[in-house]
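Topology and contacts: notes
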Amino acid sequence: MAELLRFATAGSVDDGKSTLIGRLLYDSKAIFEDQLASVERTSQQMGAEYTNLALLTDGLRAEREQGITIDVAYRYFATPKRKFIIADTPGHIQYTRNMVTGASTADLALVLVDARNGIVEQSRRHAFLASLLRIPHLVVCVNKMDLVDWSEERFEEIKAEFREFATKLDVADLSFIPLSALLGDNVVERSTNMGWYEGSSLLHHLEEVHIASDRNLIDARFPVQYVLRPFSNEWHDYRGYAGTLAGGVVKPGDEVIVLPSGFTSTVRSIDTANGPVEEAFTPMSVAITLDDDIDVSRGDMICRPHNQPHVGQDIDAMVCWMSEQTTLAPRARLALKHTTRSARCLVKDMQYRLDVNTLHREHGIDALRLNEIGRVSLRTTVPLFYDEYRRNRTTGSFVLIDEAANTTVGAGMILGPTQ
Amino acid sequence: MTTYQLSHLRALEAESVHIIREVAAEFERPVMLFSGGKDSVVMLRLAEKAFWPCPLPFPVMHVDTGHNFAEVIEFRDRRVAESGTRLVVASVQEAIDRGLVREETGPRASRNRLQTVALLTAIEQHGFDAAFGGARRDEEKARAKERVFSFRDDFGQWDPKNQRPELWSLYNGRHHQGEHIRVFPLSNWTELDIWQYVEEEGIDLPEIYFAHERDVFERDGMLLADSEFVTVMDGEEVTRRKVRYRTVGDASCTGAVESTASTVAEVIAEVAATRITERGATRADDRTSEAAMEDRKREGYF
């Protein structure tokens, strides 16, 4: 059974990020001949001396013209063991919001380090964003090892420096791979130039890294998305609550409580179009029926009576601001989307801004601007049923929407109730 | 002991079902584009699953160029009848007759680009506020950048440089009157995923996806079917070959590939081994320029 692994990369052409992705795709046969021919043609037209594999992902006209990655691009490849989705994002600080976007769904992040330059500001920022977004696995690819004579000493030096920095972060699983994306060493095949390295190649690591325990299978959380009422003779009294498990496991016979009403009932069945199932776990999309006829609608949360999420209107969160046109300031009113629940919110307080390069907390700020990240206190119009983001990335996240322009302007990661 | 792991197909399925339900919950008048092509057939199946045991809470719409493969139209009607939903046909011929668009002329004339007008007219006429499309990000590099919920302005235009950030599984479908959202539930599926799912679920597809004998001629390295919709030019020779289609679109610009794959399993083996993308092998419309798809999408294409 092939599993799905989503990973995020951040970086610019200089880091060799595009070369690395190009090589992963090419060596796993996910780049096709017509795509390669088209990239070769465009590279020549642009006067490039070598085939610019970045053109494979930089698909927009503006990106090609300017030779930069602007937006998140999604790329796909598969091996017999896993199917991979790459969220390929630009690395420059002015694209922090794109990195945050790509990181939001990732199981794993690749941080590229140029072996000649060692850890630079950009590597720290990428690692920090990966930890802020709670990507469980971080792989530091020490690239261009060919340019430092395949030096074990250099690799160990970078490793030590990164480990020291990482103590300030919350990273569950940190690994290091010395490689040369250009020459292919340790990308798909183990390198013959670095006999001292006993770990696996990058692709092997991506295939083997254990992701099954990353999901929260403890706290059952079922945000009701849609109510299924067939109104047909065959399904006369059927009432199914459709949704995607945001956490945990649910089985028929489980005692459950519905928020906000507080009514309790028992799970009668868990239905799918392919027939009922004996249990459902995150992230399955199913329909739940209950033994009792109680009032349940979209935006409600089904969970276990002895394991409930926070219920509240006053919330502290780390927010990444994503709007070019506006800033996030105290007293701002915004629409908020959290699980299947929509609300409005008011910014009560701005506690500090976080410098994404140094992790320094800057207090006494008046607003968050584009690409800035800070801790804010919000009050919502209706209670939200939430967990801390560190406990559950689905029930702990929300987006902020400008009510006039309808654009998505902020991404929030819940820290907990406002103290 | 259960390991609580989903296969990649089941994970993709769960994501698509979530997206489809989200649209039904948040929009007033959604519609699902349905051409009878493999992607839209899979999308329709996912929609049926999302609402089972209820019928589909929205109609399906075919943007009909009038240049169809007969087998596909027959399949379309049968499949829509099975699903119990209503079919809306947005006709390119009608748009031409009403003078909304002018038909291209010459032997390479195609109605591909005219579909945009028929689509946008139908969306406006019926007041649709969301339209599901079966596009996948692996198909084409402009599509690789498009959101699952893709905002369209009053003119149906896509602005690739001004897209809404899309995080986690939180989709922003807010829009003003007259604007709409294109929704792509199959964004993260690849051609191979589609075929593996077709096999696993036993999904029926139009016969032209499997190897059959057909009169074809070569143009720009593609095999086009000899039909009433194309003009064979001097030097082009019609021969009978064993072919199948990898994509199904307008008959005047969709090419066939030589193939002996007559079952889903054989097609999967062929797709897994191929070194050419499906659009590269079979779509003349993408060959106009490097950014042909982006340009068409900006105007409101699928």
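Please read all numbers here as calculations on a predicted model, not as lab measurements. (Residues numbered from 1 in each chain as written. Chains lettered and ligands numbered in written order. Predicted model: local features only at pLDDT ≥ 70, side-chain atom pairs only at ≥ 80, totals over all residues. Heavy atoms only, no water.)

Bringing the interface of chain A and chain B into the picture now. The accessible area lost on association of the parts is a frequent measure of interface size. Facing 86 residues of chain A, the contacting portion of chain B comprises 63 residues. One can count seven salt bridges joining chain A with chain B. Residue A:R6 is joined to B:E15 by a salt bridge in which the shortest nitrogen-to-oxygen separation is 3.0 Å. Here chain A and chain B share 33 residue pairs in polar contact (both at pLDDT 80 or more) between them. Here the side of chain A that touches chain B gets six residues from one element, more than from any other, and that element is helix α2 (residues 33-45) of chain A. (Contact = heavy atoms within 4.5 Å. Salt bridge = Lys/Arg side-chain N within 4 Å of Asp/Glu carboxyl O. Polar contact = N/O pair within 3.5 Å; in protein donor to acceptor, adjacent residues only side chain to side chain. Helix = DSSP H or I, 4+ residues; strand = E, 2+ residues; numbered from the N terminus.)

Right, let's talk about the state of the cysteines for a bit. Residue and element names in this part refer to chain A. Inspection of every chain in the model, using the stated rule, returns zero disulfides over all chains. With no disulfide partner, C320 has as its closest neighbouring cysteine sulfur the one in C345, 15 Å distant. Residue class for C345 comes out buried when judged on its relative accessible area of 3%. (Disulfide = S-S within 2.5 Å. Buried < 20%, exposed > 50% of the residue type's maximum accessible area, 1.4 Å probe, protein only.)

It is worth spelling out helix α5 (residues 115-126) of chain B at this point. Residues and elements named next belong to chain B. With 12 residues, α5 extends 16 Å from end C-alpha to end C-alpha; this agrees with the ideal 16 Å at 1.5 Å per step. Along α5, the residues classified as buried are Q115, T116, A118, L119, L120, A122 and I123. Taken from the residues just after α5, G127 is the one with a positive phi, measuring 70°. (Expected span 1.5 Å × (residues − 1).)

With that settled, the discussion passes to the sheet that holds strand β3 (residues 87-91) of chain B. All names here are of chain B. Reading across the sheet, the six strands line up as β3-β2-β1-β4-β6-β5 and stay open at both edges, with mixed pairing between neighbours. Edge positions in the sheet fall to β3 and β5 (149-152), since each of these pairs with one other strand and no more. Neighbour to neighbour, the strand axes of the sheet diverge by 30° on average, direction disregarded. Alignment of strand β1 (residues 30-33) against strand β2 (residues 60-64), held across two bridges, turns out to be parallel. (Pairing = 2+ DSSP bridges. Axes fitted to C-alpha atoms, helices over the stretch in contact; angles between N-to-C directions.)

In this section: the environment of B:I276. Here B:I276 shows up in the loop between α7 (264-273) and α8 (278-282). Measuring from C-alpha to C-alpha, the distance between B:I276 and B:G134 comes to 20 Å, with 142 residues separating the pair along the chain.

All names here are of chain A. Mapping N371 onto the fold places it in the loop between β19 (361-363) and β20 (373-386). For N371, a relative accessible area of 11% corresponds to the buried category. Here Q94 takes part through its backbone oxygen, which lies 2.9 Å from a polar atom of the side chain of N371. The contacts of N371, once residues within four sequence positions are left out, are I93, Q94, Y95, T96, R97 and W321.

Let us now look at the sheet that holds strand β15 (residues 301-303) of chain A. All names here are of chain A. Strand order across the open sheet formed by seven strands is β7-β15-β11-β12-β14-β9-β8, with antiparallel pairing between neighbours. Only two strands of the sheet have a single neighbouring strand rather than two, namely β7 (221-223) and β8 (226-228). Sheet twist, expressed as the average angle between the axes of neighbouring strands with direction ignored, equals 40°. In this structure, strand β9 (residues 240-244) lies alongside strand β14 (residues 285-290), joined through four bridges in antiparallel fashion. Within the sheet, the bridge partner assigned to Y241 lies in β14 and is I288.

What follows covers the pairing of strand β21 (residues 397-401) of chain A. Successive side chains on a regular strand alternate, one facing one side of the sheet and the next facing the other. Residue and element names in this part refer to chain A. Where burial is concerned, most of β21 is hidden: five out of the five residues are buried. Here β21 shows no split at all, with S397, V399 and I401 on one side and F398 and L400 on the other all buried. Of the pairings in the sheet, the one linking strand β17 (residues 333-338) to β21 comprises four bridges and is antiparallel in character. What sits directly across from H338, in β21, is F398. What sits between β21 and strand β22 (residues 408-417) in their antiparallel hairpin is a turn of six residues, with N406 showing a positive phi close to 65°.

The subject of this paragraph is unusual backbone geometry. Residues and elements named next belong to chain A. Each neighbour pair has its own omega, and for L259 with P260 the value is 10°, a cis peptide bond. Within the secondary structure, P260 is located in the loop between β11 (255-259) and β12 (264-271). Omega for the peptide link from T282 to P283 comes to 5°, which places this bond in the cis form. Mapping P283 onto the fold places it in the loop between β13 (280-281) and β14. Unlike most non-glycine residues, F231 shows phi in positive territory, near 50°. Along the polypeptide, F231 turns up in the loop between β8 and β9. Here F231 falls in the exposed class, since its relative accessible area comes to 69%. Phi is positive for N371, which is not a glycine, with a value near 75°.

Right, let's get into helix α3 (residues 70-83) of chain B. Residues and elements named next belong to chain B. Under the 1.5 Å per step criterion, the end-to-end length of α3 is 20 Å for 14 residues, consistent within 8% with the ideal 20 Å. Every buried residue of α3 is listed here: V72, I73, F75, R76, R79, V80 and S83. All buried residues of α3 project into a common sector of 160° when viewed along the axis, lining one side. Exposed residues pointing more than 90 degrees away from the buried face of α3 are listed as A70, A81 and E82. (Arc of directions from axis to C-beta.)

A separate point is the packing of aromatic side chains. Scanning the entire structure with this criterion turns up 21 aromatic pairs over all chains. Geometrically, the ring pair formed by A:Y226 and B:F51 is edge-to-face, given 5.3 Å between the ring centres and 65° between the ring planes. With A:Y226 in strand β8 and B:F51 in helix α2 (residues 38-51), the pair connects residues from two separate chains. Pair check on accessibility: A:Y226 and B:F51 agree, each one buried. Relative to B:Y197, the ring of B:W189 has its centre 5.1 Å away and its plane inclined at 85°; by these criteria the two rings are edge-to-face. Among the residues examined, B:Y197 registers a relative accessible area of 0% and is labelled buried. Of the aromatic side chains, those joined through ring pairs into one cluster are A:Y226, B:F51, B:F58 and B:F132. (Phe/Tyr/Trp six-rings, centres within 6.5 Å; stacked < 30°, edge-to-face > 60°.)

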